[in-house]
Amino acid sequence: MSAMKEKNPWQTPVTIIITVIGVIAIVALVTVAVLQNRPLPQKYKYGIVLDAGSSHTALYIYEWPAEKDNNTGRVEQTHSCKVKGPGISSYAHDPLKAGESLRVCMQEAEQRVPGKRHQETPLYLGATAGMRLLNIENSSASDEVLKAVESALQKFPFSYQGARILSGQEEGAFGWVTVNYLDDRLTQGLDTTGALDLGGASTQISFVSEKFDGSESPSNSVTFRLYGNDYNLYTHSFLCYGKDQALRMTLAQQTQSGQASILDPCFNTGYTVMKNYSVLYDSPCVSDRKPQNAPATFNQTGKGNFTECQEVVKSVFNFTHCKYSQCSFNGVFQPLLQGPFGAFSAYYFVMNFLNLTDTSIPLKAVEDKLNSFCSTPWNQIKQQHPDVKVKYLAEYCFSGTYILTLLTEGYKFDQTSYSNIKFIKKIKGSDAGWTLGYMLNLTNMIPAEAPDSPPLPHAGYVSIVTIMAVLLFILFIVSLRPLWPRCSKQPQIV
Ligand SMILES: Nc1nc2c(ncn2[C@@H]2O[C@H](COP(=O)(O)OP(=O)(O)OP(=O)(O)O)[C@@H](O)[C@H]2O)c(=O)[nH]1
Ligand SMILES: [Ca+2]
């Protein structure tokens, strides 16, 4: 055996030098290209929206890249703060307290938004059904409350943009914008998702239906042109059909004769509380039905019967008159249900607690679950859920029954369309609700026309520069072929 040694042509000094220079050139070229065109360090802008709901106020902080205001999906919720205490409409007798109640969350916002952005950060407060009801009942009181929150908010260093009561249409439409913006459906021109919002004092349904052009009921029609697409949205807000006011209506229904006690099928057996007639009837949703000569209080005792509860709940809906081709309830027009729906706020709280967020199950199974929950004694319910707020816990039988009835009898969801509902709280980290849509609209962040298609994205640019550099280098090496050392076919024997 003889030792053989091949002479590797790549090891000649010329090729080594060429290779090293080539590699250095590529690295330098790519580095310069990448650094030169790297997106600048990201700067963010902020916006703050206060959702002054009937049951409570919440503050949301949104953030988006400073140079890309128009890009869909780029605005995100970075923080939320729940105001302690009730909604601002509950401070009608002491409006200054409504302003004060916002202080803690506003101070939190001061901490969260970088100081140098404070002055340019828009701050909005939108009030919903609680203030709508107060405005009906006592408009000077609602003005006082708005004035008080206004002067409280103006003390903070943000760019205050006003506090006002949203109309039901706005509340429904902006909830729909939020859901579809977060799902990235608007820029893509995709089919949209409907929005179902169940608050404490009102509830909204909003969706696009092919059959609906707005002509049959103009007051339910909202048109948008977003990113070059036209949308004709159906939306309706039912005042008094939020879950707290609906509960009042069912109690009013059961206390018509002004009795001193009622057996309420919507509460668990063994549950009993004393309620005040004047407190119960202190709302425009029921005030006209206050029984004469009723005692000051009545005892509400649970009977825990889902079927009977559903009967009482049904009685707060009016199905008799409809002057349109079709109605949901109370003579309100509603086109054919279409597409998927996102159901949020109390829809989510309640159905999540009852383990009913899976909408692929038969409606009969939803009823069975409610049946068994409602008939469970109150003691047992409390024992099973020691950490849940007693007020929420006591109302889940009613709330679950109300939601099922509202969806199926009210809005006419059937087995198939029910399975198109998704109970949601957040989408990609941002809460579902009207606040984001409201801010996007007021800051003109959703353009009517599609923005020009962006130039090559950074990653694409880097890839192309790298590929080109490598190709150039290969071409260079190949062009030097005449200088390549000849390699003999025969291995040399040393
Ligand atoms: N079970 C449960 N209920 C909740 C929770 N938070 C709020 N609720 C109740 O759910 C209902 C709706 O709450 P929200 O969506 O905050 O209602 P809101 O915005 O104050 O009322 P609107 O002005 O009508 O929109 C109210 O009855 C609340 O008391 C929760 O964490 N769990
Ligand atoms: Ca709300």
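Above this text is the structure in question.
The rules behind each value
- Residues numbered from 1 in each chain as written.
- Chains lettered and ligands numbered in written order.
- Predicted model: local features only at pLDDT ≥ 70, side-chain atom pairs only at ≥ 80, totals over all residues.
- Heavy atoms only, no water.
- Helix = DSSP H or I, 4+ residues; strand = E, 2+ residues; numbered from the N terminus.
- Buried < 20%, exposed > 50% of the residue type's maximum accessible area, 1.4 Å probe, protein only.
- Contact = heavy atoms within 4.5 Å.
- Areas by Shrake-Rupley, 256 points an atom, 1.4 Å probe, with all protein chains shown as cover.
- Axes fitted to C-alpha atoms, helices over the stretch in contact; angles between N-to-C directions.
- Parallel < 35°, antiparallel > 145°, perpendicular 65-115°, else oblique.
- Nonpolar A, V, L, I, M, F, W, Y, C, P; charged D, E, K, R; others polar.
- Patch = residues over 30% accessible without salt bridge, like charges linked within 9 Å, V, L, I, M, F, W, Y side chains within 5 Å.
- Salt bridge = Lys/Arg side-chain N within 4 Å of Asp/Glu carboxyl O.

Chemist: Help me understand the overall build of the chain, please; the structure alone is not making it clear to me.
Modeler: Counting secondary structure elements, the chain contains 16 helices and 16 strands. Scored against the burial criterion, the 494 residues of the chain give a buried share of 47%. Considering only intrachain contacts with a sequence separation of at least 6, the fraction spanning at least 24 residues in the chain is 74%. Within the structure as shown, the chain displays about 25,000 Å² of accessible surface, and the carbon and sulfur contribution to it stands at 54%.

Chemist: Help me out: how do you make sense of the side chain of Ser430 in this one?
Modeler: Inspection of the secondary structure puts Ser430 in strand β16 (residues 430–431). The class of Ser430 is buried, set by a relative accessible area of 0%. Beyond its immediate stretch of four places on either side in the chain, Ser430 contacts Glu76, Gln77, Leu182 and Lys425.

Chemist: How do you make sense of the packing of helix α6 (residues 168–182) against helix α15 (residues 434–442) when you look at a structure like this?
Modeler: The relative placement of two packed helices comes down to the angle between their axes together with the axis-to-axis distance. Taken N-terminus to C-terminus, the directions of α6 and α15 make an angle of 90 degrees; their axes are 6 Å apart at the nearest point. One element, α6, and the other, α15, form an angle in the roughly perpendicular class. Contacts between α6 and α15 involve Glu171, Phe174, Gly175, Val177, Thr178, Tyr181 and Leu182 on the former and, on the latter, Trp434, Leu436, Gly437, Tyr438, Leu440 and Asn441. Residue composition of the contact of α6 with α15, grouped by class: eight nonpolar, four polar and one charged.

Chemist: Looking at this model, I keep getting lost on a nonpolar patch on the surface. Mind explaining?
Modeler: A cluster of nonpolar side chains, namely Ile464, Ile467, Met468, Val470, Leu471, Ile474 and Val478, defines an oily patch on the protein surface of about 630 Å² accessible area. Mapped onto the elements of the fold, Val478 is located in helix α16 (residues 458–479).

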